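# Inside the fold
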Amino acid sequence: MPLEDAAPVENTAPTSRDRQARLATFAVFFVQGLTFATLLTQVAALQKKHGLSDGELTILLLVVPLIAGAGSALAGAAASRWGSRLILRLVQPLACAAVVLAGLAPNVPMLVAANVLFGLGLGGVDAGMNMQGVAVEREYGRAVLTGFHALWSVAAVVGSLWASAAATLGLGLPVTFAVALVPAAAVAVFSSLWLYRPEEEHRAAAVRAQVAGAVAGAGAGRPAGVAWRPIIPLCLAMAFLYVGDSSVSNFGTVFMDKVLHASATVIPLALGAYQLTTFLVRVGGDLAVRRWGPAAIVRAGGAVATLGFVAVVAAPTVPLAIAGFALTGIGLSVVAPQSFSAAGRLDPAGTGVAIARVNMFNYVGFIVGAALVGGLADASGFRVAFAAPLVLAAAIILLARGFQPRTADPATATTVVTP
């Protein structure tokens, strides 16, 4: 594919305000990655603390994506009116507080309540931060969204390493969570001051919508809508990605504990390896997208992720399992940022509708992943269970064509593939 076809938007010169908003968005992604990893690396510890069976753990894990889906939908509706900055200012500290409350929970009902609060915050932040990221990408005029997801991965690695260190020091869950997330909440509040305001967030999109309206003709009467058909491949790829991601995030520590009998210090390193390789690939991800285009990058990612899950399923030892998780991170790392970037291109008016739709399938994947992998683990063990995300990772290869850059047809609210 020609290099110019891979570019999501035309080149523009970023201003100092754009650079400020980009730094603030980096901070939001970092806090979200740290929050997520701080909780997810302690799934096995929470299971032991509350005496949960694998089936009960699966039900508990399903609470988060179910509520997160609702949080994402609410964020999408609110952002179209008030912008994503207000959402992030309110719900990101809420997500941090919810993790601390999960560590303090004395019983299962309180743990469920904390998970509900966390899910609401997770969904709102996931949608809001990607809206800010797409707005920055539009203003910069080149692919930059993968860089935000790279910093998310850095934060997740930091969270995993902190979990390992806290286990070595013998710290309890409340202290482990509070040390990481009280400062993170403060960073979230401060950085929200620099994010794009609603009028800034939608400024570039408004110009594009006006151009689209001019092309459609003065009699169009209303802005183009966002069609479902071109978004479906992105939604499915996002869902399949997060079946794999939730398998690693929710059950990676349990796999290391129950299948390979790893020590408490080593158990968090499975997620750490996954997030580390995810970060390393995302560092150069934007350059790769500009060079080869998103479709080729997603296709290659699906193939590598499939090989990674093969390695996990077959691993006889702890080091080989960690290597498999690392390989899986390499493959899956590119799918989410390219899904959001492609969704942003399909929404010329910048309403956030396409991004919110794609983000919803994030949680569909988590729900399916928790139910599928948890159910198979109960029936046949975790090695068999990890074969399910293996198959779905391979399906991403077939969906990669849907990531080819498209342009909106304002007259019909449909899209066409860039030649």
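Just so it is clear, the structure is predicted and the values come from calculations on it, not from any experiment. (Residues numbered from 1 in each chain as written. Predicted model: local features only at pLDDT ≥ 70, side-chain atom pairs only at ≥ 80, totals over all residues. Heavy atoms only, no water.)

### A short note on helix α12 (residues 269-283)
Relative to the 21 Å expected for 15 residues at 1.5 Å per residue, α12 spans 21 Å between its end C-alpha atoms, a close match to the ideal helical length. Of the residues making up α12, those classed as buried are Ala270, Leu271, Gly272, Ala273, Tyr274, Gln275, Thr277, Thr278 and Arg282. Residues of α12 that are buried make contact with α2 (16-40), α7 (145-169), α11 (232-258), α13 (285-292), α15 (318-332) and α16 (335-345). (Helix = DSSP H or I, 4+ residues; strand = E, 2+ residues; numbered from the N terminus. Expected span 1.5 Å × (residues − 1). Buried < 20%, exposed > 50% of the residue type's maximum accessible area, 1.4 Å probe, protein only. Contact = heavy atoms within 4.5 Å.)

### Focus on the pattern of salt bridges
Counted under the stated rule, the structure contains four salt bridges. Where Glu200 meets Arg17, a salt bridge forms, and the shortest distance between an N and an O atom there is 2.9 Å. Of this pair, Glu200 sits in helix α9 (residues 198-201) while Arg17 sits in helix α2; the two residues are 183 residues apart in sequence, bridging distant segments of the chain. Residue classification places Arg17 among the buried residues on the basis of a relative accessible area of 18%. (Salt bridge = Lys/Arg side-chain N within 4 Å of Asp/Glu carboxyl O.)

### Considering the packing of α2 against helix α5 (residues 84-104)
Interaxial distance between α2 and α5 falls to 10 Å at its minimum, and their mutual angle equals 20°. One element, α2, and the other, α5, form an angle in the roughly parallel class. The handedness of the crossing between α2 and α5 is left-handed. Where α2 approaches α5, its residues Val28, Val31, Gln32, Thr35, Thr38 and Leu39 are matched on the opposing element by Leu88, Gln92, Ala95, Cys96, Val99 and Ala102. (Axes fitted to C-alpha atoms, helices over the stretch in contact; angles between N-to-C directions. Parallel < 35°, antiparallel > 145°, perpendicular 65-115°, else oblique. Left-handed = near helix turned anticlockwise from the far one by under 90°.)

### Points about empty space enclosed by the protein
Per the stated rule, a full pass over the model turns up four cavities of 30 Å³ or more. The space that makes up the largest cavity amounts to roughly 470 Å³. Together, 37 residues line the largest cavity, and Phe36, Leu122, Trp152, Asp245 and Phe366 are the ones closest to its centre. In terms of residue class, the lining of the largest cavity is built from 23 nonpolar, eleven polar and three charged. (1 Å grid on protein atoms, 1.4 Å probe; cavity = no way out; pocket = protein on both sides within 12 Å on 5 of 7 lines; lining within 4 Å. Points joined across faces, edges and corners; volume = space filled by probe spheres on them. Nonpolar A, V, L, I, M, F, W, Y, C, P; charged D, E, K, R; others polar.)

### Things to note about the packing of aromatic side chains
Tallied over the entire structure, the rule returns eight aromatic pairs. Judged by centre distance (5.8 Å) and plane angle (55°), the rings of Phe190 and Trp194 are tilted. Look at Phe251 and Phe382: their rings are 5.8 Å apart centre to centre, the planes differ by 45°, and that puts the pair in the tilted class. In this pair, Phe251 is assigned in helix α11 and Phe382 in helix α18 (residues 382-385), connecting sequence segments 131 residues apart. Side by side, Phe251 and Phe382 carry an identical accessibility label, which is buried. Among the aromatic residues, those joined into a cluster by ring pairs are Phe26, Phe29 and Phe148. Above the ring of Tyr140, the side-chain terminus of Arg22 is found at 4.8 Å from the ring centroid. (Phe/Tyr/Trp six-rings, centres within 6.5 Å; stacked < 30°, edge-to-face > 60°. Lys NZ or Arg CZ within 6 Å of the ring centre and 35° of its normal.)

### Description of the nonpolar core
Residues Met256 and Phe325 are the most contacted members of the largest nonpolar core, which totals 116 residues. Counting residues per element, this core draws most heavily on helix α6 (residues 108-140), which supplies twelve residues. Residues within four places of Met256 in sequence aside, it is in contact with His261, Ala262, Val266, Ile267, Ala270, Val318, Ala321, Ile322 and Phe325. (Core = buried A, V, L, I, M, F, W, Y, C linked by side-chain atoms within 4.5 Å.)

### Examining the confidence of the model for the chain
Any region with low pLDDT has predicted coordinates that should not be read closely. When the pLDDT values of the chain are averaged, the result is 84; 87% of them are 70 or greater. Within the model, the stretch residues 1-10 combines pLDDT values under 50 with 27 contacts to residues more than four positions away or in other chains. A low-confidence stretch, residues 211-223 (pLDDT under 50), is modelled with four contacts involving residues beyond four sequence positions or located in other chains. (pLDDT = per-residue confidence, 0-100.)

### Notes on the layout of surface pockets
Within this model, the second largest pocket holds a volume of roughly 250 Å³. As for the second largest pocket, its lining consists of 15 residues, of which Thr41, Gln42, Ala45, Ala167 and Ala264 are closest to the centre. Residues that form the lining of the second largest pocket fall into these classes: ten nonpolar, four polar and one charged.

### Examining a nonpolar patch on the surface
Together, Leu23, Phe190, Leu193 and Trp194 line one region of the surface with nonpolar side chains, adding up to about 430 Å² of accessible area. Structurally, Leu23 is set in helix α2. Overall, Leu23 belongs to the exposed group, its relative accessible area being 53%. (Patch = residues over 30% accessible without salt bridge, like charges linked within 9 Å, V, L, I, M, F, W, Y side chains within 5 Å. Areas by Shrake-Rupley, 256 points an atom, 1.4 Å probe, with all protein chains shown as cover.)

### Focus: the environment of Asp126
With respect to the helices and strands, Asp126 occurs in helix α6. Spatially, the C-alpha atoms of Asp126 and Leu88 are 9.1 Å apart, while their sequence positions differ by 38 residues. In contact with Asp126, not counting residues within four places along its chain, are Gln32, Asn359, Asn362 and Tyr363.

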